[in-house]
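Below are the chains, spelled out letter by letter.
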Amino acid sequence: MAALRQFLTLNAQILYWTFVAPFAGKPTVRIDAIFQQMVRIGVQAVPMAALTSLSIGLTLAMQGSHELARMGATSYVPDLLSITLLRELAPLLTGVVVIGRSGSAITAELGTMKVSEEIEALEVMSINPIRFLVAPRVIAMIIMLPCLVVFSNYIGFVGGWIICNFALDINTTKYIMRLIESADMMDLISGMTKSFVFGWLISVISCQSGLAVTGGAEGVGRSTTKSVVLCILVMLVVNAILTGMFFIIEGPKG
Amino acid sequence: MSETKRETVIEVRDLVRKFGSRTVLNGISFTVEKGDTMIIMGGSGCGKSTLLRHIIGSLRPTSGSIKIFGEETTTMSPQQMEKLRLRFGMNFQFGALLQSLTVGENVALPLIENSKVDPAIVDLVVKMKLELVGLTGFENLKPAEISGGMRKRVGLARAVALDPELLFSDEPTSGLDPIMTAVIDQLTMDLTQKLHMTAVVVTHDMASAFRIGTKMIVLGAGKRAGMIIAHGTPDDIRNSPDPEVQQFIRGEPDGPVPLKLAPEDYIDRLLGHDRDKGLSY
Ligand SMILES: Nc1ncnc2c1ncn2[C@@H]1O[C@H](COP(=O)(O)OP(=O)(O)OP(=O)(O)O)[C@@H](O)[C@H]1O
Ligand SMILES: [Mg+2]
């Protein structure tokens, strides 16, 4: 459980550099570095997130209409979409996209810096690697993952709309009305909470795995694979826990 | 050289470092005074870089003490270490430049992060430091776009960016042509003689070692691995009675450090008779 202790220490250090250091007259996390990472993690992931959520919106609507048609309830397709997308699929699938695109890149990048002595060089220059490298990435991901999820929600709904409008008997107005009616605040809150938590976990785990690399280029590859697997696993487990928590808070939905 | 007592900048006492069961540093003791250029010599893989890593605080020794500017570093907190490190510059054996930044940004990094100078002045200092190492006009290239020798020189420029009191340089001239070697040697001498900087330089280049060194240590191999086998001024080393030291500074292939094993040993090793598992890849 040394890894867990490291994870907690790393979190404490990130919190220190983000929230305490600026008031203690210490050097701060650089804003331009955060923006740079936001572009890499968020903006550049937009096409992939869009394609993923469009596909999932289309699939959900098609599968849902099959099942619901048997009960003569195809008009509930938008309801199905809004709950599953907002609460579960948008955060999870966007998480997977970000793990694949950015989590792995972060681990590989920091790992390469570790084995090529760049991290050591930073330390010798009295530049704290947590402040300089880790904090901008973590902050950027915690901000950008929720943004991507909001975006994915919309694109997913577009996917659903394509099916509803062209294959089912639900026109645009009706589709939008049903979406608005069926989704409540808790759906959004639950999805957004998840995306914040995922952003935090993915970024910190990826950074930690990168900093822990030993053993040259081979070590970088090994750590990157392990880190991606760990991120996905942790995300799925935490997702179940969070869904459980919201289930308890709200009670079974009526 | 005046014989007045100078301030001790580095004091290493009985430094021992083991990696697993291997003892890489075995009871190293020496001191470096202000204005000295201490040369560390020894065969490849004998632990020179490891010794530097201990002095700059990247590694902690198994036992022993290291004092820099009179402060014990082996037990120092990371915060204290961070402060002390503002007074050093380190030039890594392989440059250790940040690949994501340009050459200019690399040299500017310590200035931007650790001093509150104006961006215009940072630019100026970067140009000056790159000029010192003969790299004017290369500011905008990435480390991947320059040669190995150039990378090392950028590393040196970065190490001296903040005009440190203490400079560590790990093989600053290996892979450089003779003219560039002389330029870098001259730079080190200027820094120590004119600015009273103290330098610790690892080098394999005997000509350059005897040109710039005011003190030297030689690390041993074989039975004396990880120990200092000679210690003193360049003249002491040149006149050292130790045959291993003589072999080293003359660069002879055979001597106390054997070129090849005896034929029986060679065959045994090759076939793995003296090991349990033999060779394994
Ligand atoms: N992190 C480590 N773990 C295990 N062994 C190490 C480690 N770092 C160094 N060593 C061992 O310590 C020895 C000395 O290595 P070091 O890099 O200090 O040699 P060196 O004298 O600088 O050699 P060169 O002149 O080739 O640069 C080597 O045999 C190496 O295997
Ligand atoms: Mg070395």
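Predicted, not measured: the structure shown is a model, and the values here were computed from it. (Residues numbered from 1 in each chain as written. Chains lettered and ligands numbered in written order. Predicted model: local features only at pLDDT ≥ 70, side-chain atom pairs only at ≥ 80, totals over all residues. Heavy atoms only, no water.)

Engineer: In this structure, what is going on with the sheet that holds strand S2 (residues 22–33) of chain B? I would like to understand it.
Structural biologist: The pairing of strands in a sheet happens through backbone hydrogen bonds and is either parallel or antiparallel. Residue and element names in this part refer to chain B. The 4 strands lie next to each other as S2-S1-S4-S5, forming an open sheet whose pairing is antiparallel. The sheet is open, and its two edges are formed by S2 and strand S5 (71–72), each paired on a single side. Of the strand pairs in this sheet, strand S1 (residues 8–19) and S2 are connected by 9 bridges, and their pairing is antiparallel. Residue pairing across strands places arginine 17 opposite leucine 25, the latter belonging to S2. Contacting S1, S2 and strand S4 (63–68), helix H1 (residues 48–55) crosses the sheet at an angle of about 60 degrees to S2. (Pairing = 2+ DSSP bridges. Helix = DSSP H or I, 4+ residues; strand = E, 2+ residues; numbered from the N terminus. Contact = heavy atoms within 4.5 Å. Axes fitted to C-alpha atoms, helices over the stretch in contact; angles between N-to-C directions.)

Engineer: Please explain the domain arrangement of chain B as it appears in this structure.
Structural biologist: Reports often express the size of an interface as the amount of accessible area lost when the parts come together. All names here are of chain B. Here chain B is described as being made up of domain 1 (8–87 + 164–271) and domain 2 (97–162). One C-alpha centre belongs to domain 1, the other to domain 2; they are set 26 Å apart. Contacts between the two partners involve 15 residues from domain 1, matched on the other side by 11 residues from domain 2. Approximately 1,000 Å² of surface area, both sides summed, lies buried where domain 1 meets domain 2, with 74% of it carried by carbon and sulfur atoms. Ranking the residues of domain 1 by area buried against domain 2 places Leu86, Pro164 and Leu187 at the top, with a combined share of 39%. Across the contact surface, domain 1 and domain 2 share 0 salt bridges. (Domains from an automatic or database assignment. Buried area = accessible area lost by both parts, 1.4 Å probe. Salt bridge = Lys/Arg side-chain N within 4 Å of Asp/Glu carboxyl O.)

Engineer: Mind showing me how you'd approach the coordination of the magnesium ion (ligand 2) here?
Structural biologist: For a metal with four tetrahedral donors the ideal donor-metal-donor angle is 109.5 degrees, while six octahedral donors give ideal angles of 90 or 180 degrees. Listed as protein donors to the magnesium ion (ligand 2) are Ser49 of chain B (OG) and Gln93 of chain B (OE1); their distances from the metal cover 1.9 to 2.2 Å. A residue pair is termed long-range when its members are at least 10 positions apart, and serine 49 of chain B in helix H1 and glutamine 93 of chain B in the loop between strand S6 (88–91) and helix H3 (103–114) qualify at 44 residues. (Donors = N, O, S within 2.8 Å, 3.2 Å for Na, K, Ca; no water.)

Engineer: What is the right way to read unusual backbone geometry from this model?
Structural biologist: The phi torsion of most residues other than glycine is negative, and most of the peptide bonds are trans. Residues and elements named next belong to chain B. In this structure, aspartate 14 takes a positive phi of about 45 degrees despite not being glycine. As for its placement among the helices and strands, aspartate 14 is situated in strand S1. Even without glycine at this site, phenylalanine 69 takes up a positive phi of about 50 degrees.

Engineer: What is the right way to look at the interface of chain B and chain A in this model?
Structural biologist: Each partner contributes to the interface: chain B provides 19 residues, whereas chain A provides 16 residues. Regarding the contact of chain B and chain A, the summed buried area is about 1,700 Å², with carbon and sulfur atoms giving 54% of it. Contact with chain A buries area across many residues of chain B, yet Glu82, Leu98 and Glu113 of chain B alone supply 32% of it, more than any other trio. In this structure, the connection of chain B to chain A is made through 4 salt bridges. Between arginine 131 of chain A and glutamate 113 of chain B there is a salt bridge, and its shortest N-O distance comes to 2.8 Å. Our enumeration of links across chain B and chain A arrives at 10 residue pairs in polar contact (both at pLDDT 80 or more). Elements represented by at least two residues in the side of chain B that touches chain A include exactly helix H2 (78–85) and H3 of chain B. (Polar contact = N/O pair within 3.5 Å; in protein donor to acceptor, adjacent residues only side chain to side chain.)

Engineer: So what exactly am I meant to see when it comes to the pairing of strand S8 (residues 198–202) of chain B here?
Structural biologist: Consecutive side chains of a regular strand alternate in pointing toward one face of the sheet and then the other. Residue and element names in this part refer to chain B. In terms of burial, S8 is largely enclosed, as 5 of its 5 residues are buried. Here S8 shows a buried face lined by Thr198, Val200 and Val202 and a second buried face lined by Ala199 and Val201. In terms of strand pairing, strand S3 (residues 37–42) meets S8 through 4 bridges, oriented parallel. Bridge pairing in S8 links isoleucine 39 to valine 201. Two elements, strand S7 (residues 166–170) and S8, share 5 bridges in a ladder whose sense is parallel. Bridging across to S8, leucine 166 finds its partner in threonine 198. Handedness of the crossover joining S7 and S8 through helix H6 (residues 178–194) is recorded here as right-handed. (Buried < 20%, exposed > 50% of the residue type's maximum accessible area, 1.4 Å probe, protein only. Right-handed = clockwise from strand over helix to strand, strands pointing away.)

Engineer: What's the story with the side chain of glutamate 117 of chain A in this structure? I'm lost.
Structural biologist: Tracing the backbone through its elements, the reader meets glutamate 117 of chain A in the loop between helix H4 (77–115) and helix H5 (118–124). Polar contacts involving the side chain of glutamate 117 of chain A include one to the side chain of arginine 53 of chain B, which spans 2.3 Å. If near-sequence neighbours (up to four positions away) are discounted, glutamate 117 of chain A is found in contact with Arg53, Phe92, Phe94 and Ala96 of chain B.

Engineer: In this structure, what is going on with the nonpolar core? I would like to understand it.
Structural biologist: The nonpolar side chains of a soluble globular protein tend to be buried, and buried together. Formed by 47 residues in total, the largest nonpolar core has its most connected members in Leu122, Val134 and Ile202 of chain A together with Leu109 of chain B. The leading source of residues in this core is helix H6 (residues 129–166) of chain A, at 12 residues. With residues near it in sequence (within four places) discarded, valine 134 of chain A still touches Leu10, Ile14, Leu110, Pro129, Cys207 and Leu211 of chain A. Formed by 34 residues, the second largest nonpolar core is a distinct cluster that contains Val12, Leu15, Met38 and Met76 of chain B. (Core = buried A, V, L, I, M, F, W, Y, C linked by side-chain atoms within 4.5 Å.)

Engineer: Help me understand empty space enclosed by the protein, please; the structure alone is not making it clear to me.
Structural biologist: Where empty space is left becomes clear once a probe the size of a water molecule has been rolled over the atoms. Under the defined criterion, the tally for this structure stands at 3 cavities of 30 Å³ or more. Along the walls of the largest cavity sit 14 residues, with Met125 of chain A together with Phe88, Gly89, Pro110 and Arg158 of chain B positioned nearest its centre. In terms of residue count, S6 of chain B provides more of the lining of the largest cavity than any other element does, 3 residues in total. Among the residues making up the lining of the largest cavity, the classes are represented as 10 nonpolar, 2 polar and 2 charged. The calculated volume of the second largest cavity comes to roughly 50 Å³. If you go around the second largest cavity, the residues you meet are Ala49, Thr52, Ser53, Ile56, Leu85, Leu89, Ala90, Leu93, Thr94, Val97 and Ser152 of chain A. Taken together, the elements giving at least two residues each to the lining of the second largest cavity come down to helix H3 (46–70) and H4 of chain A. Looking at the lining of the second largest cavity, the element that brings in the most residues is H4 of chain A, giving 6 residues. Within the lining of the second largest cavity, the residues separate by chemical class into 7 nonpolar, 4 polar and no charged. (1 Å grid on protein atoms, 1.4 Å probe; cavity = no way out; pocket = protein on both sides within 12 Å on 5 of 7 lines; lining within 4 Å. Points joined across faces, edges and corners; volume = space filled by probe spheres on them. Nonpolar A, V, L, I, M, F, W, Y, C, P; charged D, E, K, R; others polar.)

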